Amino acid sequence: RSSDLDGVVMELEDCALPLLREVIATDKEEVAFKDLDVAILVGSMPRREGMERKDLLKANVKIFKSQGAALDKYAKKSVKVVVVGNPANTNCLTALKSAPSIPKCNFSCLTRLDHNRAKGQIALKLSVASDAVKNVTIWGNHSSTQYPDVSHAKVTVQGKEVGVYEAIKDDKWLDRKST
């Protein structure tokens, strides 16, 4: 094992996380992905200075095809997969396509954070719980080009479900939050 991997294990152990029972440090897919209930895929290639987007995508496709295939082969079919490595949407789709025996709905990615932020901002604006807001869509990857789309979003206010635009009645605020 590398000292970097030992350092990661030590950091996890130092966290004293109440649900963490064991850390298996390995670079072997058949060990790392065996019978997983949850997979958090963080291992993407970062974009380097001068690197073209196509080169970044090519490197990440290789990584996430391999991880998706390993999930398909070794993990439980009920595994929940969260892709953190950017470009998250693209990497998540690559892993998902490489794991055809795992339900598509078991895959999510970092844009969930952006989705939750958009729901949270709407909920705060309307003084409702965030679970009262639904159908917010995030277009694009976790970057400056993403677009939170509330055109189909609904919110339950005082027991009645209405469109977010109708509930907020402030296009300028919504446009500011969407860009």
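Residues numbered from 1 in each chain as written. Predicted model: local features only at pLDDT ≥ 70, side-chain atom pairs only at ≥ 80, totals over all residues. Heavy atoms only, no water.

Caption draft 1: The pattern of salt bridges, seen in detail. Overall, the coordinates contain six salt bridges when judged by the stated rule. A salt bridge links K28 to D27; the shortest N-O distance between them is 3.9 Å. K28 sits in the partly exposed class, given a relative accessible area of 44%. D27 sits in the exposed class, given a relative accessible area of 70%. (Salt bridge = Lys/Arg side-chain N within 4 Å of Asp/Glu carboxyl O. Buried < 20%, exposed > 50% of the residue type's maximum accessible area, 1.4 Å probe, protein only.)

Caption draft 2: Seen up close, the pairing of strand β7 (residues 154-157). Bridging between strand β4 (residues 133-134) and β7 involves two bridges; their strand directions are antiparallel. Bridging across to β7, V133 finds its partner in V155. By the bridge criterion, four bridges tie β7 to strand β8 (residues 160-163) in an arrangement that is antiparallel. When the sheet's bridge partners are listed, V157 is paired in β8 with K160. What sits between the antiparallel neighbours β7 and β8 is a turn of two residues, in which Q158 has the positive phi angle 50°. (Pairing = 2+ DSSP bridges. Helix = DSSP H or I, 4+ residues; strand = E, 2+ residues; numbered from the N terminus.)

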